[in-house]
Number of protein chains: 2
Amino acid sequence: MTSADHPLSALLRLFRSTAYLESRLSPGLGSVHGLALNELLFLLQLSRAPLQRLRRVDLAQRLHTSQSTITRMALPLEKIGLIKREADPRDARVAYVTLTKTGRTRTAEAEATFSRMAAEIFRDRWSDKDIAQLSSLLGRFTAALPGDLTD
Amino acid sequence: MTSADHPLSALLRLFRSTAYLESRLSPGLGSVHGLALNELLFLLQLSRAPLQRLRRVDLAQRLHTSQSTITRMALPLEKIGLIKREADPRDARVAYVTLTKTGRTRTAEAEATFSRMAAEIFRDRWSDKDIAQLSSLLGRFTAALPGDLTD
DNA sequence: AGATTATACTTGCGTCAGGAAGCATTTCGG
DNA sequence: CCGAAATGCTTCCTGACGCAAGTATAATCT
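Scoring rules and cut-offs
- Residues numbered from 1 in each chain as written.
- Chains lettered and ligands numbered in written order.
- Predicted model: local features only at pLDDT ≥ 70, side-chain atom pairs only at ≥ 80, totals over all residues.
- Heavy atoms only, no water.
- Least-squares fit on C-alpha atoms with pLDDT ≥ 70 in both.
- Contact = heavy atoms within 4.5 Å.
- Axes fitted to C-alpha atoms, helices over the stretch in contact; angles between N-to-C directions.
- Helix = DSSP H or I, 4+ residues; strand = E, 2+ residues; numbered from the N terminus.
- Parallel < 35°, antiparallel > 145°, perpendicular 65-115°, else oblique.
- Nonpolar A, V, L, I, M, F, W, Y, C, P; charged D, E, K, R; others polar.
- Buried area = accessible area lost by both parts, 1.4 Å probe.
- Salt bridge = Lys/Arg side-chain N within 4 Å of Asp/Glu carboxyl O.
- Polar contact = N/O pair within 3.5 Å; in protein donor to acceptor, adjacent residues only side chain to side chain.

A. Expanded view of the relation of the copies chain B and chain A. Of the transformation placing chain B onto chain A, the axial shift is 0.0 Å and the rotation is 180°, giving an RMSD of 0.0 Å. One copy is carried onto the other by what is essentially a two-fold rotation axis. In this assembly the copies share their binding face: 100% of the residues contributing to the interface of chain B also contribute to that of chain A.

Quick look at the structure:
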């Protein structure tokens, strides 16, 4: 209602920026490595995980999505050999999602192109300090949660 | 690859924050006013427009979505009387989406609760300056595009 | 130990989203 | 002017997602 409602405007701009950046990045990413943005985020979570593997529940939590989505997303990725299914010897309920060797290289390649695209996004009008500050501020939202993807 | 790849980490955190915040805000918003987050953004665009009305193409562009999505989203909103369809006397192709009187009040109410929820998000660990800075930085992404929703 | 509860995952179903094609209208080029 | 291209919108088709229910295994309670 009042002007300078910063919490509101920050959130509105956050959603707007995301919609904008997704529409801008998705096509390029998909065409280069055959991966959707969500799939790359999926794989990046694995690549950051201790043994390049995670339980499906944890993956769901880190990606802020549902378990069923994880199940469905894993299917094609397993079919093309980027991930594989692994059992837990101590608990027969869990089915780890594990990055394969091919998966590791493909993820690294896709991450590299994504990083280039990211740099391109910021190329104009952004100083290194601005970018670092933005990253730092955004990091606060999920600081307490596992799965931050920063190196 | 290298550490402190700020463009990359800024974008990753942006997507992650959005996923987190959507999952946190959507249920509450929907239960209070019966509007999904996307629908509120839809209505807010109209409330900020010159005559509380926009062409469907422009709405699609501002929301970074497709025209078909606008068509589909407009149906239920029109059915419950928040928006209405208006013709352009000079161009028979366009069908304006216009906010009704009920739509204006409902939008204002939903915006108020959304603003409260936004404030709640930032309540801990965020100074006013931090929030303003985040908002300002995010504003850069879409600064050149029409449809910024800041008052 | 046996029964209840909790956890991990999958499947079925309904909803929502985008791309391509289709239709109507306007604009452009000669 | 008249045909061709462009624009605005809708419809059809398909894919992605979440929720609730179902199954299997593990943990807990008495």
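Moving on from the model shown.
B. Representation of the packing of helix α1 (residues 6–33) of chain A against helix α2 (residues 37–48) of chain B within the structure. It is at 12 Å that the axes of α1(A) and α2(B) come closest, and there the two elements cross at 105°. In this view, α1(A) runs roughly perpendicular relative to α2(B), as classed from their interaxial angle. Seen from α1(A), the contacting residues are A:L12, A:F15 and A:R16; seen from α2(B), they are B:L37, B:L41, B:L44 and B:Q45. Counted by class, the contact of α1(A) with α2(B) contains five nonpolar, one polar and one charged residues.

C. Local environment of the interface of chain B and chain A. The partner chain A presents 59 residues to the 59 residues of chain B that form the contact. For the pair chain B and chain A, the two sides together bury roughly 5,800 Å², of which 68% comes from carbon and sulfur. Here chain B and chain A share four salt bridges between them. For the pair chain B and chain A, the interface holds 24 residue pairs in polar contact (both at pLDDT 80 or more). Going through the elements one at a time, α1 (6–33), α2, α3 (56–63), α5 (101–122) and α6 (128–139) of chain B are the ones with two or more residues in the side of chain B that touches chain A. For the side of chain B that touches chain A, the element with the most residues is α1(B), which contributes 19 residues.

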